[in-house]
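Results of the structural survey
The lines below spell out each chain.
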Amino acid sequence: MKIHFKISYYTHWGQRLLVSANIPELGNGDLDKALALNFQYPEDWLAEIEINKPENFQFTYKYVLYDENSNQFVEEWGNDRTVDANPAETDHCFCIDSWNSPGSVENVFLTAPFHEVLLQHNHFTAKSQPTKKHTHLFKVKMPMLKQNEAVCLIGDCDILGNWSTTKPVVLSQTDGDWWTAELDLSKVKNEVHYKYGVFDPEDNQFRYLESGFDHIAPIYNSPKTLVQLSDGFVRISNNAWKGAGVGLPVFSIRTKKSFGVGDFGDLKLLVDWAERVGLKLIQVLPLNDTIGTHTDADVLPYAAISAFALNPLFLNLPATGKLPGTHPLQVEYKAKQAELNAEELISFLNVINYKLQYAKELYLLTKTKFLADKKFKAFFAENEYWLVPYAAYCVLRDQSGTSDYRLWQDFATYDAQKIAGFSSPDQPHFDDIAVNYFIQYHLHLQLSEAAHYAHTHGIVLKGDIPIGVNRNSVDTWVSPELFHMHMQAGAPPDMFAVKGQNWELPTYNWKEIEHTGFDWWKKRFSQMSNYFDTFRIDHILGFFRIWQIPISQVEGIMGFLNPSVPIHVNEFAEKGLWFDYNRYCKPYVTDAILWDFFGEDVPWVKANCLQIEDGWVLRLKEEFLSQAYIEKLFVEGEISERIKWGLFDLISNVLFFEVEGSNGTQYYPRFGMETLRTFADLDNYTKDRLWELYVDYFYRRQDANWYRSGMEKLPALKRATNMMICGEDLGMMTPCVTSAMNELGILSLEVQRAPKSNKIEFFHPNNAPYLSVVTPSTHDMSTIRGWWEEDRGVTQRFFNSQLGHWGEAPYFCESWICRDIILQHLYSPAMWSIFQMQDLLSISDSVRRTNPHDERINVPSNSMHSWRYRLHLNMEDLLQNDDFNNELRNYIAQSGR
């Protein structure tokens, strides 16, 4: 039996099409062994294979684009192209297909939030009777059908009604997302022209026809030939659907039953409110366990100790169980609840310590029954790969008094066999191990229940995947080879952090991760899909390149882009410059700079931190080239804060960083070099030439390299999940990131006050692409009202140019201004408008908080003192506020969201 493949695809020089399948003849899924198709003008690709099997067989196949220039494979989206072959009846099977682009809007509507929740209405389900003998199989998808609609087919032959809309062939919906029709066209003499349309079987009415040119079905005069036409998606506009959502950290939810912090049980009231006002999505911050030190530092949600374990902070105690009435913790429960719930901000340590104590007592009371429970055993079996190391980590952390596993002596290096013994039920500390199983199991049950509750109310949940993990985490302990532990992830300077950001998270060893088939990332996505329908990739730029800071430095400004194409030493000569290593690559120190940085402390700095080189040049001593060393001196009280910051500035007063291992041949320019004293003291010719190199490095030469870097990772990760993916693509944007996200159907984030172009001051929501999320603010920014008061000049320009109002802007952001901004976003062409809860409340004087500066969730430059925000009102009371809820619901409904 011969299988013939044909697909139309416009390629560039150096590209070709392959077909891969789960059979030996087509490589068994190995892309290096896939069958190469042959080009046929103008843009068709064809191939054929012969399969010698007497019995019926089936295989699944897909097309792959191979680019010789980059040596990259790009697979089409989906894994549902099949051939059901019957060699006894068929000699030739022609598969005529359309490329399924990952970036197609229609594919977004086949992801979990739409497929499982938002578009779950009744389609026409009557199955057409299969034709006993058929020569053609028509297949097409249409995810955006309305209730009781079906796909139909008309064309220029008798069987297809001769283009009559009164006699369409109604397709049946088969397993999966395909609509199919089996037709016998053996009596048709010439090729058949046809189109798909939409039909209402209940009213027996033809609704409309797809756009574009006719499809063409070839006719072969052979009795044992089958033509399978997979036409992709019905060609209609699919950018009309729009939804609105609310963003609120779980810890910020306040209810009358809260315990000083929002928990998974409180999510249900947020779902009720979202449904009440017409919102379709709830977005939360990361929910993973962050308890590494048992101090206030553990409040940071983006520094998880496990990429899989949930945070005990969100445990709902009543849903977990109840202690006996005489137990001391139960006796004080109500008083403690009232005390913590009355707090304006989260009293993090008080809440988490009580919950952990309460959970342990519950476990000890019920452990025999719990450990024998069949549902728990099933949960344990499915999650053992991360749950056992996590529980052991928690016990070792507490036994040793540190989360730095390098100090755990015999357990400093992870050994699975040794940890299995340590976690054995016959160990005296097994209860300390198993209580973590108990907590994680109940967190899983409670979040699963909240997700199910949201789905039954037509609401989808959007999670958040941080770009990194805690340096002292279970993940780095178990799999250190997946990380660059001598580096730290961060971000270059921007309007929110003038010295950049150092997140103190290790960067990824992507080569090793790719070598494992992205197993860790795939497991992470799989775990997340247990609870979420869609998710935000925090700092998606990190998949293309990361801002990497050596472990010896503290400030983000000391970082560089990785991967990146560095500046070669020969490029300086090409610019007519002599490369002066000492002048360019060592901190530049003069008496004038010392006085400006240290004032009267200059003598101490000269005596203790500096040395003379080459007879007269001031240089920092070797140990004072490390900001981490200086930070240690400050913490130990050896130096003042002024000296610390002065030394930090001195260390960063450098033009270039040498690339490690390049033997002095390659260099990274220091970000923002034009603002440095070392740059200011150069002659104008040198300044101009160095600036040319700087601009070329940061804004010109990297795009192709970063595109390749991103496309080596993101397609494989996207294929690992059916969740809708949104990228947080703020920061130093480059065209390659936008291009890759468009190609993969990853939604972008558009923030009004943070445009991605430095040529405009504001981004107008009306200019958003369809596959995007628009928002007026994020958790890393001040709210609309807080931002309004930060810079009077910016506010005035925004008031006139973006809101279109004349005259002087009000000093305070009044409710009507907030309403205007919310409406701008609701009427945006973007698929999603998502708002911080604080911004939604700001449109009403009766529910908004008095002081807008109390509403900010995080200040990136001061994260250690952030992440404690709570709503100022209970969700129960907000649900009862009909005036506000009706007003907001009307705005959302009128916008078509």
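Details of the structure are given in the entry above.
Now for a quick tour of the structure. (Residues numbered from 1 in each chain as written. Predicted model: local features only at pLDDT ≥ 70, side-chain atom pairs only at ≥ 80, totals over all residues. Heavy atoms only, no water.)

1. Structural notes on helix 18 (residues 627-635)
Three- or four-residue spacings in an α-helix give side chains the same orientation, since the helix completes a turn every 3.6 residues. We apply this condition: Any residue under 20% of the maximum accessible area for its type is buried, any over 50% is exposed, and the rest in between are partly exposed; the area is computed with a 1.4 Å probe on protein chains only. Helix and strand labels come from DSSP, where a helix needs a run of H or I of at least four residues and a strand needs a run of E of at least two; each type is numbered from the N terminus. Directions drawn from the helix axis to the C-beta atoms are what define this arc. We call two residues contacting when some pair of their heavy atoms lies within 4.5 Å. Polar contact is defined as a pair of N or O atoms within 3.5 Å, subject to the rule that within protein one atom must be able to donate a hydrogen and the other to accept it, and that residues adjacent in sequence are counted only when both atoms are side-chain atoms.
Regarding helix 18, the residues found buried are Gln 627, Ile 630 and Leu 633. Down the axis of helix 18, the smallest arc covering the buried residues is 115°, so these residues share one side. Packed against the buried residues of helix 18 are helix 19 (641-651). Sitting at the head of helix 18, Ser 626 places a side-chain oxygen 3.3 Å from the backbone nitrogen of Ala 628.

2. Quick notes on the packing of helix 6 (residues 333-341) against helix 7 (residues 348-372)
Note the threshold: Note on definitions: angles span 0 to 180 degrees between N-to-C directions of axes, and those axes are lines fitted to C-alpha atoms, for helices only across the stretch in contact. Roughly parallel means an angle under 35 degrees; roughly antiparallel, over 145; roughly perpendicular, 65 to 115; everything else is oblique. Take the far helix as your reference; a near helix turned counterclockwise from it by less than a right angle gives a left-handed crossing, and one turned clockwise gives a right-handed crossing. Under this grouping Gly is polar, as are all residues other than the nonpolar Ala, Val, Leu, Ile, Met, Phe, Trp, Tyr, Cys and Pro and the charged Asp, Glu, Lys and Arg.
Contact geometry of helix 6 with helix 7 gives a least axis separation of 11 Å together with a crossing angle of 155°. Classified by the angle their axes make, helix 6 and helix 7 are roughly antiparallel. In the packing of helix 6 onto helix 7, the handedness of the crossing is left-handed. In contact with Tyr 333, Lys 336 and Leu 340 of helix 6, helix 7 contributes Asn 350, Val 351, Tyr 354 and Tyr 358. When its residues are assigned to classes, the contact of helix 6 with helix 7 shows five nonpolar, one polar and one charged.

3. Observations concerning the sheet that holds strand 10 (residues 136-141)
Which entries qualify depends on this criterion: For two strands to be treated as a pair, DSSP must find at least two bridges joining them.
The eight strands are arranged 4-5-1-9-18-10-14-13 in an open sheet whose pairing can be described as mixed. At either end of the open sheet lies a strand with only one pairing partner, and these are strand 4 (38-40) and strand 13 (172-173). Sheet topology note: the strand 9 (residues 92-98)/strand 18 (residues 225-233) ladder contains six bridges and is parallel. The residue bridging Phe 94 from the neighbouring strand is Val 227, located in strand 18.

4. Remarks on the pairing of strand 15 (residues 192-200)
A large share of strand 15 lies buried, amounting to eight of its nine residues. Across six bridges, strand 11 (residues 150-155) lies against strand 15 in antiparallel orientation. Bridged to Ile 154 within strand 15 is Lys 195. The pairing of strand 15 with strand 17 (residues 215-217) spans three bridges and is antiparallel. In the sheet register, His 193 faces strand 17, and the bridge partner there is Ile 216. Here strand 15 runs beside strand 16 (residues 205-209); their pairing, made up of four bridges, is antiparallel.

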